[in-house]
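Below are the chains, spelled out letter by letter.
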Amino acid sequence: MAQPNTPHLTPPDNALLDTQVRVPIDEKASLEEELDGATRVPSTISGAVTDPEKLGDQKVKLVTFEEGSGENPREWSNAKRWFVTLVVSALCFTVALGSALPTGDLGGPMIEFGVKSITINSSITLFVVGFGLGPLFFAPLSEEIGRKPIYIISMFLFFIFTLPCALAKNIETLLVCRLLAGIAASCPMTNVGGSVADLWAVEERGIAMAIFSATIFMGPCMGPLIGGFIGMEVGWRNIYWTLFAWVGLICILVALTPETLGRIILARKAQRLRKETGDPSYMSQEELNKTPMSEKMKVALVRPLVMLFTEPLLLCMTMYLSLIYALLYLFFFALPLVEMQHGFNLGEIGLCFISIMIGIFIALGGMPMQEKIYHRLTEKNGYRPEHRLTLMMFGAVLLPIGLFIFAWCSLPQVHWVAPLFGALIFGISMVTVYIGANSYIIDSYPEATASAVAAKTFLRSLVGAAVPLFVEPMYFNLHYQWAGTLLAFLAVAALPIPFVFYKFGPRIRAASRRAT
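What comes next is a walk through the structure. Model, not experiment: these values are computed from the prediction.

### What to know about the overall build of the chain
Okay, so step 1: Helix and strand counts for the chain stand at 21 helices and three strands.
Okay, so step 2: Expressed as a percentage of contacts within the chain between residues at least 6 apart in sequence, the contacts between residues at least 24 apart total 85%.
Okay, so step 3: Accessible surface, the chain as shown: approximately 20900 Å² in total, 66% of it carbon and sulfur.

Now the structure itself:
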């Protein structure tokens, strides 16, 4: 997700300013301040290569972007920015696709390896667990070396660990490599939003963010569709071979993209100027406030969990998003169970997921309306993060409606198309709730966005990962309609959340240590 920009110096005429900078040596900032500083991502300043303590009160030349030079990613040509935007969005699509593609034919490896369904379902569970664990390590590392190297490392490891899945001779190999592939693939899910923010100003990024958001939701829905036909025609191993080839192609495309993180670009510029001129006083702003890697790791591993259990706003929104994420993965198993009653094969079951995709597109088409409502409310009442919740409230009402339709149309005597109307409504509600809650979290924690997003991703992934382990027993023991009804009642229980925060959000944020 895009992280907030901190204030930075913009030179009036030149790219380099002689600036008197005082760096405190004897006084140490509190751990709280250090942790906050470790996760801020300024849009125009970058990582350090010089020890600022050695400078003391020495005058330094502050390296910034020179206006009109094309150094700032936001000044690149539209063609270049759109190329990078589409490539990084393809990263998100690829990892989301990789999480769900094997669901197209889970029966193949189950029969070949002679294991129970819960065992083979855990290949999905372990991949999603990796989604929650990976960002805890990739996020601070990206601050040190930039977005592009992390994307390349992430995709290359995803590429490597997908190969043993295609060649696996036993279930242990498949499961271990799915976990490792999930950890490797997790990087884009938490960094691509930042890449989009690097390239586009707030007023420009509407379409770019819509494309990025669409890939997050479309990837999982395309998985069963593509995987179903591949598994039916050429076997389950070719599902992994297809994924392997696709990830390899994405690796090549990522290698062709430039670095977009301004703080890294400026750090390299300062390093180049020091080397070319022999003058060690050229420095970027972040070099004057460098946080040790150990502190960044402490932030990444500790603060998200602390915030999750001490911030009611973050906890409630994260629980709601975890429910949405769990329901999405539940559909990968529930929809095939329902449509198999009508004699559908793997390919035909995959086509049923088009209903959810239609709902996703309808919801994304409504995003401009949400932006208009947001700006109108802001002009009328002043800035409040709660203005992001209007469309989420609409989605919260739709969610149980879609689930009740899906539940009670799952009877075998009901026409096969009826449950798909419920799935379509779920697609609409999923996107409206997810984007609304996610935007509310980011706007409410501008100084700790990275930790808030990491906490959300961690819990959401763990909850989503649990779904494959219980969904089939739940549907078989409760019967399809009552299992679906249980889920609908959970959605009813969660329905008041956006309404409560829309009314009482300012008071809740005022009592928070971190929310604005």
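### Some thoughts on the nonpolar core
Okay, so step 1: By size, the foremost hydrophobic cluster in this structure holds 130 residues, and its most contacted members are Phe158, Met317, Tyr320, Ile360, Met430 and Tyr475.
Okay, so step 2: Looking at this core, the element that brings in the most residues is helix H13 (residues 312-340), giving 20 residues.
Okay, so step 3: Setting aside residues up to four positions removed in sequence, tyrosine 475 forms contacts with Leu330, Ala334, Leu337, Phe406, Tyr480, Ala483, Gly484 and Leu487.
Okay, so step 4: Ranked by size, the runner-up nonpolar core spans seven residues in total, among them Phe65, Leu266, Ala270 and Tyr282.

### With respect to empty space enclosed by the protein
Okay, so step 1: Using the criterion set out here, one finds eight cavities of 30 Å³ or more in the structure.
Okay, so step 2: Here the second largest cavity defines a volume of roughly 110 Å³.
Okay, so step 3: Around the second largest cavity, the lining is made up of 13 residues, and of these Ile216, Phe217, Tyr325, Leu328 and Tyr434 lie nearest the centre.
Okay, so step 4: Where the lining of the second largest cavity is concerned, the elements lending two or more residues are helix H9 (206-234), H13 and helix H18 (418-444).
Okay, so step 5: The dominant element in the lining of the second largest cavity, judged by the number of residues it contributes, is H13, at four residues.
Okay, so step 6: Classifying every residue of the lining of the second largest cavity by side-chain character gives twelve nonpolar, no polar and one charged.

### Some words on unusual backbone geometry
Okay, so step 1: Phi angles above zero are rare outside glycine, and histidine 479 is one such case at about 75°.
Okay, so step 2: Within the secondary structure, histidine 479 sits in the loop between helix H19 (449-478) and helix H20 (480-494).

### Some remarks on the packing of helix H17 (residues 390-408) against H18
Okay, so step 1: Relative orientation of the contacting elements H17 and H18 amounts to 155°, with a least axis distance of 7 Å. If you check the angle between H17 and H18, you find them roughly antiparallel. The two elements H17 and H18 cross, and the hand of that crossing is left-handed. Residues Leu391, Met392, Phe394, Gly395, Ala396, Leu398, Leu399, Gly402, Ile405 and Phe406 of H17 pack against Ala418, Pro419, Gly422, Ile425, Phe426, Ile428, Ser429, Thr432, Val433, Gly436 and Ala437 of H18.
Okay, so step 2: Residue composition of the contact of H17 with H18, grouped by class: 15 nonpolar, six polar and no charged.

### What to know about the side chain of glutamate 339
Okay, so step 1: With respect to the secondary-structure elements, glutamate 339 resides in helix H13.
Okay, so step 2: In contact with glutamate 339, not counting residues within four places along its chain, are Phe344, Ile349, Cys352, Trp416, Pro419 and Leu420.

Cut-offs and rules
Residues numbered from 1 in each chain as written. Predicted model: local features only at pLDDT ≥ 70, side-chain atom pairs only at ≥ 80, totals over all residues. Heavy atoms only, no water. Helix = DSSP H or I, 4+ residues; strand = E, 2+ residues; numbered from the N terminus. Contact = heavy atoms within 4.5 Å. Areas by Shrake-Rupley, 256 points an atom, 1.4 Å probe, with all protein chains shown as cover. Core = buried A, V, L, I, M, F, W, Y, C linked by side-chain atoms within 4.5 Å. Buried < 20%, exposed > 50% of the residue type's maximum accessible area, 1.4 Å probe, protein only. 1 Å grid on protein atoms, 1.4 Å probe; cavity = no way out; pocket = protein on both sides within 12 Å on 5 of 7 lines; lining within 4 Å. Points joined across faces, edges and corners; volume = space filled by probe spheres on them. Nonpolar A, V, L, I, M, F, W, Y, C, P; charged D, E, K, R; others polar. Axes fitted to C-alpha atoms, helices over the stretch in contact; angles between N-to-C directions. Parallel < 35°, antiparallel > 145°, perpendicular 65-115°, else oblique. Left-handed = near helix turned anticlockwise from the far one by under 90°.

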